[in-house]
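# An overview of the molecular structure
The lines below spell out each chain.
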Amino acid sequence: MKNWISWLLLCMVSAAGWSQTAYVLKNVSYQPGQKLFVGLESNDLGAPLKILVSDSTGKPMAGVSVKFEIVGKPSKSQGEKLHKEIVETNAEGIAENGFVLGDQAGDYLIIAHTEGMVGETPVILVRAQRTLWWMFLVIGLFGGLGIFLYGMGLGSGGLQKIAGERLRTILAVLTSNRFLGLLVGIVITAIVQSSSATSVMVVGLVSSSLMTLTQAIGVLMGAHIGTTITVQLIAFNVSDYSLLLVGAGFLITLITKRKFYIYLGEIILGFGFIFFGMAVMSQAIGPLKSMPAFIAWLLKFGESPLLGILASTLFTGIIQSSGATIGLCVVMASEGLLSFESAMPLVFGANIGTCMTALLSAIGATTDGKRTALAHTLFSVIGVVLFTPFLIPFENVIRNITHAMGTDAVPRLIANGHMFFNIFNAAILIAFVPATAKLITKLIPEKAESKEFKPKYLNNAYLETPEIALQQAQLEEDRLVDVVRQMYATVPSLFKQNNEAEIAKMQEHMKNVNMLEGEIRRYLTRLSQKSISLTQSRRLMRLLLTIDDIRHISNRLGDYLPEIATKLSDNKWTLPEADRKDFETFLKAVGERMENTFKTLHKENKQEAEELINSKRSMSEMEVRLREAHLQRVQKDFATYMNTSPVMLDLLTALKRVDTFCVKIAHEIVDQFKF
């Protein structure tokens, strides 16, 4: 009886197992052509997540429980949730769920599964975007700023083209004293609409010895005043006519072939873009008027002038245009977002930040060029230091001057504050130009060009752009290769009489290679911590490996071979003629292989690297053949080869090791392209 009952239960269990259905799940959430959902952070997605459940024949299955899970989300995201964790399929076999995005922008990954599921797990991708009005505000603000800067550049370029080389002639000739230089700086900058452009020209002229530092300081003072003319024009707010200017400027450039009128059209077009950019920025920042927190943040600039000066200095240094920064202040003031008290620290900071262009132009310039850039910066910094403690009295003076002009509008107050700050600053400091020139000369003394071997292309600023950073690292790798080439060319000299100088040279080269390899490796390590693609990661790894191989080759040439040469020299040994010829033959063969390897490395040519790998056997056979020939000579004439035999074998081993690293480099080039 018990056996019969057991048999019945076994049959029931088996039947239940055989009757279980295999389910296939498919993501049917998206519309045709859609690959993901897009929603707003901290908001309901507003679209259903749909999973179709069917059996192995494709028939939709109703009443099946489907479990949804969030398996991926942006870092630090909170608040994301599914409407339900488990959903049953409807009559059409679809399990439908909802989703609330978290508080961080980025990608959210949701999967669905059920018991008895076969095949791939469906994945639903939901991308969270930031609140749209913020996005449009940023786009409008920076888009308008871009149009503004483009207009500044276009108008300035047109004016400079019309003036031609005469501007440089005027700057170089009509600056016999600092007062005339001040006037020339005002006129030139008013023409080109950019103190940055004037300062760059001045740095170039001083570097070319066409202008003295004392003359340059006067011109730069005038440049600061001349740039206020553009801000005065901006403050008149003729944005309503901006598109008329754009149309007129474009029409002039279109209907004429004369360069003068084409340049004139560019000037008009540039002014049109300046005012149109201001209109775009004005429209974009309109919503900020309803944000008390933002207004309170701006008011802090008035309460804490140092904060405003610092923020404006940084912003202007980035965009390299004080006119754009102050123009933005004028726009915000026009919208009622910025008071005169809050704007003046920003004006002060813009005057310092605009010096960034001159400082950048001084890179690679002569000592006098560097001094000129420093003078440009000191003029602004000293002025800000002098006026900041008296900011309130200065603002009262500007209010009175502007009121006397018939207006109390904040944009006009800002423009006048910018202009009179530079006028008063120049009036105070013009008397100290000679003393300033002497101070700067002491701060930046003449010094001989450094011959120290150090990295030339590694710049931490490029780390934010991995592709450029990798290119810069490869340029340094090329420098490593050049040093090793020089070392290999010196090898024959090591085995001649009076080789002390060559040995010292080899060791110095090896020291430079070790130093530069270390700098490149540290640079690439920092780069590896950035967000880089798989291709860039493989390229970075190849660089790390190959520069290490190059260092090993350098150590063989700069350490091991000189040690062997010193051993021969100290013992007054010379290689027998047959060994010397074999050594020179192998040295030449390895050198050719090394040169081919370095050329392949420079081109990152996979095919050539594979050819080098395939030919490695020939070098091994050559080394074995030379080694056997040497040993045969030793057997025949032991007395002749007794002392130098170990040296010969060490030389062959050292050169073979160099070839081994060349083959290793070839392998690393090939591996870079394996996916």
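Overview of the structure. Within every chain, residues take consecutive numbers counted from 1 along the sequence as written. pLDDT decides what is reported in this predicted model: residues at 70 or higher carry local features, side-chain atom pairs at 80 or more are listed and counted, and totals for whole chains, interfaces and linings draw on all residues regardless. Water and hydrogen atoms play no part in the side-chain values, which are based on all heavy atoms of the structure.

### A word on the overall build of the protein chain
Each helix and strand counted, the protein chain has 26 helices and eleven strands in total. Burial status follows relative accessibility: with a 1.4 Å probe on protein chains alone, a residue under 20% of its type maximum counts as buried, one over 50% as exposed, and anything between as partly exposed. For the protein chain, with 675 residues in total, the buried portion stands at 45%. Sequence-distant contacts, at least 24 apart, represent 77% of the contacts inside the protein chain between residues at least 6 apart. Surface exposure here means Shrake-Rupley accessible area, sampled with a 1.4 Å probe, where a residue is shielded only by the protein chains that are shown. As displayed, the protein chain offers around 34,300 Å² of accessible surface, 60% of which is attributable to carbon and sulfur atoms. The way it works is that DSSP assigns letters per residue, a run of H or I at least four long becomes a helix, a run of E at least two long becomes a strand, and they are numbered from the N terminus. Should any heavy atoms of two residues lie within 4.5 Å, those residues are counted as being in contact.

### A closer look at the pairing of strand S3 (residues 49–54)
In this scheme, strands are said to pair when DSSP sees at least two bridges between them. Across four bridges, the pairing between strand S1 (residues 23–27) and S3 is antiparallel. Within S3, the position partnered with asparagine 27 by the bridge is isoleucine 51. Strand direction decides the pairing type here: S3 and strand S7 (residues 94–97), joined by four bridges, are antiparallel. Bridging from a neighbouring strand, leucine 49 pairs with asparagine 97 of S7.

### Observations regarding the pattern of salt bridges
Any carboxyl oxygen of Asp or Glu within 4 Å of a side-chain nitrogen of Lys or Arg constitutes a salt bridge here. One pass over the structure, following the stated rule, counts 23 salt bridges. Here glutamate 476 ties to arginine 479 by a salt bridge, and the two come within 3.0 Å at their closest N and O atoms. Residue glutamate 476 and its partner arginine 479 are both found in helix H19 (residues 466–494); the two are separated by three residues, about one turn of the helix. We classify glutamate 476 as buried; its relative accessible area is 0%. In this structure, the salt-bridge partner of aspartate 579 is arginine 633, at a minimum N-O distance of 2.6 Å. Separated by 54 residues along the polypeptide, aspartate 579 in helix H22 (residues 577–603) and arginine 633 in helix H24 (residues 616–636) bring together distant segments of the chain. Exposure class is identical for aspartate 579 and arginine 633. Each is buried. Taken together, the salt bridges that share partners define one network made up of Glu517, Arg521, Asp548 and Arg551.

### A look at a nonpolar patch on the surface
Residues Phe250, Leu251, Leu254 and Ile255 make up a contiguous nonpolar surface patch of about 450 Å² in total accessible area. With respect to the element layout, phenylalanine 250 can be found in helix H8 (residues 242–255). A patch is a set of surface residues, each over 30% in relative accessible area and not in a salt bridge, joined within 9 Å for like charges and within 5 Å for the nonpolar side chains Val, Leu, Ile, Met, Phe, Trp and Tyr.

### Looking at the packing of aromatic side chains
Centres within 6.5 Å make a pair out of two Phe, Tyr or Trp rings, where for Trp the six-membered ring is used; the pair is then stacked when the planes are under 30 degrees apart, edge-to-face when over 60, and tilted otherwise. Applying the stated rule across the entire model yields nine aromatic pairs. Here a set of aromatic residues connected by ring pairs shows up, and it is made of Phe348, Phe387, Phe394, Phe420, Phe421 and Phe424. Arginine 479 extends its terminal NZ or CZ atom over the ring of phenylalanine 453, reaching a point 4.7 Å from the ring centre. A ring is considered to have a charge above it if a Lys NZ or an Arg CZ atom is located within 6 Å of its centre and within 35 degrees of its normal.

### Regarding the sheet that holds S3
Taken together, the four strands give an open sheet; going across it, the order is S7-S3-S1-S10, and neighbouring strands pair in mixed fashion. The two strands at the open ends of the sheet, each matched to only one other strand, are S7 and strand S10 (117–118).

### Details of the nonpolar core
Across soluble globular proteins, nonpolar side chains have a tendency to be buried as a group. The term nonpolar core refers to a set of buried residues drawn from Ala, Val, Leu, Ile, Met, Phe, Trp, Tyr and Cys, joined through side-chain atoms within 4.5 Å. Membership of the largest hydrophobic core comes to 59 residues, with the highest contact counts inside it found for Ile553 and Leu557. Those elements that place two or more of their residues in this core are H19, helix H20 (500–528), helix H21 (534–570), H22, helix H23 (606–614), H24 and helix H26 (645–672). The element that contributes the greatest number of residues to this core is H26, accounting for 13 residues. Grouped together as the second largest cluster of nonpolar side chains are 37 residues, Phe275, Leu328, Val331 and Met419 included.

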